[in-house]
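Reading the structure
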Protein chains: 2
Amino acid sequence: MKVNALPVRGTKDFLPNEAELRDFIQHKIAETYKQFGFQKIATPVMEDIERLNKSDGGENLAMIFKILKRGQKLDLSQENLSEDDLVDSGLRYDLTMPLSRYFANNRQFLNAPFKSIQIDRVFRAERPQKGRLREFYQCDIDIIGDASQQAEMELIAATTTALENIGFSDFTLRINDRRILIDMIKYAGFHDDDVMSVCITFDKLDKIGLEGVKAELLEKEYAPEIVQKFIEVIADAESEEAALDRAAEVCSDKTVVQKLRQVIDFARDFANTNFKVVYDKSLVRGMGYYTGIVFEIVSPKFGSSIAGGGRYDNMIGKFLGESVPAVGFSIGFERICSILIDEGFVPKRSDGVILVYNDTDDFAEVVDKAKEFQALGMRVNMIKRSKKLGKQIDALIEQAGYNYMYAMDGVDELKPIGRK
Amino acid sequence: MKVNALPVRGTKDFLPNEAELRDFIQHKIAETYKQFGFQKIATPVMEDIERLNKSDGGENLAMIFKILKRGQKLDLSQENLSEDDLVDSGLRYDLTMPLSRYFANNRQFLNAPFKSIQIDRVFRAERPQKGRLREFYQCDIDIIGDASQQAEMELIAATTTALENIGFSDFTLRINDRRILIDMIKYAGFHDDDVMSVCITFDKLDKIGLEGVKAELLEKEYAPEIVQKFIEVIADAESEEAALDRAAEVCSDKTVVQKLRQVIDFARDFANTNFKVVYDKSLVRGMGYYTGIVFEIVSPKFGSSIAGGGRYDNMIGKFLGESVPAVGFSIGFERICSILIDEGFVPKRSDGVILVYNDTDDFAEVVDKAKEFQALGMRVNMIKRSKKLGKQIDALIEQAGYNYMYAMDGVDELKPIGRK
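A short tour of the structure in this document, coming up.

What counts and what doesn't
- Residues numbered from 1 in each chain as written.
- Chains lettered and ligands numbered in written order.
- Predicted model: local features only at pLDDT ≥ 70, side-chain atom pairs only at ≥ 80, totals over all residues.
- Heavy atoms only, no water.
- Disulfide = S-S within 2.5 Å.
- Pairing = 2+ DSSP bridges.
- Helix = DSSP H or I, 4+ residues; strand = E, 2+ residues; numbered from the N terminus.
- Contact = heavy atoms within 4.5 Å.
- Axes fitted to C-alpha atoms, helices over the stretch in contact; angles between N-to-C directions.
- Least-squares fit on C-alpha atoms with pLDDT ≥ 70 in both.
- Core = buried A, V, L, I, M, F, W, Y, C linked by side-chain atoms within 4.5 Å.
- Buried < 20%, exposed > 50% of the residue type's maximum accessible area, 1.4 Å probe, protein only.
- Polar contact = N/O pair within 3.5 Å; in protein donor to acceptor, adjacent residues only side chain to side chain.
- Expected span 1.5 Å × (residues − 1).
- 1 Å grid on protein atoms, 1.4 Å probe; cavity = no way out; pocket = protein on both sides within 12 Å on 5 of 7 lines; lining within 4 Å.
- Points joined across faces, edges and corners; volume = space filled by probe spheres on them.
- Nonpolar A, V, L, I, M, F, W, Y, C, P; charged D, E, K, R; others polar.
- Phe/Tyr/Trp six-rings, centres within 6.5 Å; stacked < 30°, edge-to-face > 60°.
- Lys NZ or Arg CZ within 6 Å of the ring centre and 35° of its normal.

Next up on the list: the state of the cysteines. Enumeration over the complete set of coordinates arrives at zero disulfides over all chains. No disulfide involves C199 of chain A; its sulfur sits 13 Å from the nearest other cysteine sulfur, which is in C251 of chain A. Cysteine C139 of chain B remains unbridged, with the sulfur of C337 of chain B as its closest cysteine sulfur at 9.3 Å.

With that settled, consider the sheet that holds strand β9 (residues 293-299) of chain A. Sheets are built from strands that pair by backbone hydrogen bonding, the pairs being arranged parallel or antiparallel. All names here are of chain A. The strand order across the open sheet built from eight strands is β1-β5-β6-β11-β10-β9-β7-β8, with neighbouring strands paired in mixed fashion. The sheet terminates laterally at β1 (39-40) and β8 (276-279), the two strands that pair on one side only. Across six bridges, strand β6 (residues 135-144) lies against strand β11 (residues 326-331) in antiparallel orientation. Counted as the bridge partner of I144 is A326 from β11. Packed on one face of the sheet, helix α1 (residues 16-35) meets β5 (114-123), β6 and β11 and runs near 160° to β5.

The next subject is unusual backbone geometry. Residue and element names in this part refer to chain A. For the bond running from A112 to P113, omega is -10°, close enough to zero to count as cis. Structurally, P113 is set in the loop between α4 (96-106) and β5. Residues other than glycine seldom take positive phi values, yet D170 does so here, at roughly 60°. Inspection of the secondary structure assignment puts D170 in the loop between α5 (149-165) and β7 (172-177).

When chain B is fitted to chain A, the residual RMSD is 0.1 Å, and the transformation amounts to a turn of 180° plus an axial shift of 0.0 Å. Both copies are brought into coincidence by an operation consistent with a two-fold rotation axis. Using C-alpha coordinates, one finds that chain B approaches the rotation axis most closely at I67 of chain B, a distance of 2.3 Å.

Turning our eyes to something else, we now look at the nonpolar core. Counting residues in each nonpolar core, the largest one holds 90 residues, and the members touching the most others are L173, I175, F190 and F230 of chain A together with M382 of chain B. Per element, the largest residue contribution to this core is nine residues, and it comes from helix α11 (residues 254-271) of chain A. In contact with F190 of chain A, other than residues within four places in its own chain, are I185, V198, L217, Y222, I226, V227 and F230 of chain A. In terms of nonpolar packing, the next biggest core, distinct from the first, is built from 89 residues, V353 of chain A together with Y33, A267 and Y279 of chain B among them.

In this section: the pairing of strand β10 (residues 304-311) of chain A. Residues and elements named next belong to chain A. Extensive coverage of β10 is indicated by the burial of six of its eight residues. Sheet analysis places β9 next to β10, joined by six bridges and oriented antiparallel. For S299, the partnering residue across the bridge sits in β10 and is S304. Adjacent in sequence and paired antiparallel, β9 and β10 are bridged by four residues, among which G303 carries a positive phi angle near 65°. As paired elements, β10 and β11 share five bridges and run antiparallel to each other. For R311, the partnering residue across the bridge sits in β11 and is V327.

Reading across the sheet, the four strands line up as β13-β12-β14-β15 (chain B) and stay open at both edges, with mixed pairing between neighbours. This sheet does not close on itself; its edge strands, each paired only once, are β13 (379-384) and β15 (415-416) of chain B.

Residues and elements named next belong to chain A. Within the secondary structure, S55 sits in the loop between α2 (49-53) and β3 (66-68). S55 sits 234 residues away from Y289 along the chain, and the two C-alpha atoms are 9.3 Å apart. Polar contacts involving the side chain of S55 include one to the side chain of Y93, which spans 2.6 Å.

All names here are of chain B. In a regular helix each residue adds 1.5 Å, so 17 residues correspond to 24 Å; helix α5 (residues 149-165) covers 24 Å between its end C-alpha atoms and thus fits that length. Among the 17 residues of α5, 15 are classified as buried, and the element is accordingly described as predominantly covered. Following α5 by one or two positions, G167 has its phi on the positive side, about 95°.

A separate point is helix α6 (residues 178-188) of chain A. Taken as a whole, α6 of chain A has its buried residues at R178, I180, L181, D183, M184, I185 and A188 of chain A. Following α6 of chain A by one or two positions, G189 of chain A adopts a phi angle in the positive range, close to 115°.

The next point concerns empty space enclosed by the protein. Evaluation of the coordinates by the stated rule reveals seven cavities of 30 Å³ or more. Computed from the structure, the largest cavity encloses a volume of approximately 90 Å³. Together, T11, K12, F14, R22, R121, E135, F136 and Y137 of chain A together with A42, T43 and P44 of chain B line the largest cavity. Here the lining of the largest cavity is composed, by residue class, of five nonpolar, two polar and four charged.

A word on the packing of aromatic side chains. Inspection of the entire model under this criterion finds 30 aromatic pairs over all chains. On the basis of an interplanar angle of 90° and a centroid distance of 5.0 Å, the ring pair of F190 of chain A and Y222 of chain A is categorised as edge-to-face. Placement of the pair is F190 of chain A in the loop between α6 and α7 (195-202) and Y222 of chain A in the loop between α8 (205-219) and α9 (224-234), with a sequence separation of 32 residues. For the pair shown, F190 of chain A and Y222 of chain A are each scored as buried. Measuring from ring centre to ring centre gives 5.1 Å for Y357 of chain B and F363 of chain B, while their planes differ by 70°; the resulting arrangement is edge-to-face. A network of ring pairs unites the aromatic residues F190, F202, Y222 and F230 of chain A as a single cluster. A cation sits over an aromatic face here: R70 of chain A above F65 of chain B, 5.8 Å from the ring centre.

Any functional reading would require information beyond the geometric quantities listed.
Pasting the structure below:
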């Protein structure tokens, strides 16, 4: 009997080289974040199904993997069973909802403001044909308990430094504040109830252009004079400065644009010539829970966003019953990994010795010799001499970067092998 | 509305200090294993439900978390629904079944023999009252494709070195070969079908003693003369040497005891005075899939096993349709962590600076200063001056080991703070 050995649809086995790269990137990012005073935490991948279903996950709520109830709780004899009768937990679709729950559950033990690192698995039942994984890693930092714009600045400094530390450069940081966009929509004359729908259309500005946005809004049967006024207010200004001036005119809360300017100025100062910073009036970011500044990082080389985040001041209150400000920045870990793999990036490895022994050797002596090399900081792979030795050595050089050989039965020396 | 913030029953939130310790131990163990030539891999936590249900998981099969089918595949309108109608995948209960599947799926890309490291999550719906977690980490190394006893020796060398590297010492390595026990059972006259039942009783030898084993076997209504013969063959011998001689007499395959002696001799030689090595004729190990040598490490200080493993030569064949020898050793990661936490173990941290700034400071200058300290290898936590500053500093010293302070508005110096 031979059993199908493929992983579950939409999931992936990681080969040693991929796993090595993933570990390396995770470690490098975590080390950078720790240098900025952030602390790693860990939460379960399982969450109560009710909590998941009631969370602000937008379209992710339709992609939750649900876990069957167990034992007596599972009653299949009822009539008209619904999913709710069958499940009591599910796999998390992001790390922000669990973080909010975690903060509410553990607040008394946490530093204030709380600066967290999460690098962990999440699950979404995406259509596998999209090429997206159903089980993947996210890599988030968040600051909880700081309502000031310095929190956004810290996240920007830490995240861009992390990207630079794993070899990314020449990216662009786009910044906006959702409240400006909302006020622009209202200023044009749209009804409060239409804000979401207009946002969704506006989010496509990059792809369909100003004319496309106008056409889609008219198609949605909004009044032409309202659509026209909106198009005028969002049309390109002469300069970023002029665009921000126009935003300030429209915005009901004058501090919104003032703080946004501060964040942009900081980011530009911090970036120096290493990356670009732009005010992007069309930046919305998908998640429904953002309440203020939003940002994303795009790499023109790869044409897509490699990090994103923003302020979500209302989410933790749901768990805590008390409003707590929060802001987060998430690196698209899987995208980063696939970019680096495509580029043939190999993490720096320690030297590796292939230690060849014979079946008749005293294995304690073999291991003693291995420990000698290990003490020098080398990896040691003990391989028994057989007809396959040549092939084994070639594979270790090729796939795992071994660069020395030592034979227990040879002359007593360590020989460099493999690629120059 | 306030939502319950507790994690799912049987799971746990890890506070920053716990997460830090867990990361440190995982990293240290992985580094040790890499030095022995092992390679980290990663597999999904989700597996096909059929594969899980048909695997050699023993009692773990009753503890699988099952995942609901999705979309059209889920038909709740049928009558007499069974669990099988509802689920198509589940969460893995160990890392050995996924490794076997992984090897079959990826063999052509892997070094031979394949020496793998897995440090990852598994899930078991244990009764939460046992104090066991339902979502926890395992930490395994395995050698696939090496039928010789040197593979066992490598695992013993690597695992005991890893334990020593995280500060464990004075432990005892117990070794046995399942085939000896099975031959002893048959030698006494038990029927082949009774082997499992006798093993289960014999596994309790440590707890109930020889008399207890005898009583339980008689209670199971085995013939008194068979039970008596079994008790005689398993009774304490004068010495380990004598016990192994007796094992050799009973064992049908003479190489079994010969190889076991070699492994014990190697382990004792390797251990030197660092840990103890014993032949333990009562060692069974729970998992049904072991086929040869089994081992476990116990720490007398904590009275329980902290690592265990053995040879399982039949498992990979199920997926590959071709028999491949395999042997693995698993460190009880959660037990190790709870022992180290109880002992108040704190991983070595880099120096930490609390960098105090004012709301009116130019934040770019604050971050520049932070980068100066980071360049010296220090962690830097930027904290805005407020009435809470004293409390914040105390907490950072206490909970995160910060040991320096620098104030942007102070005289220009880095001051040591906190505990001596």
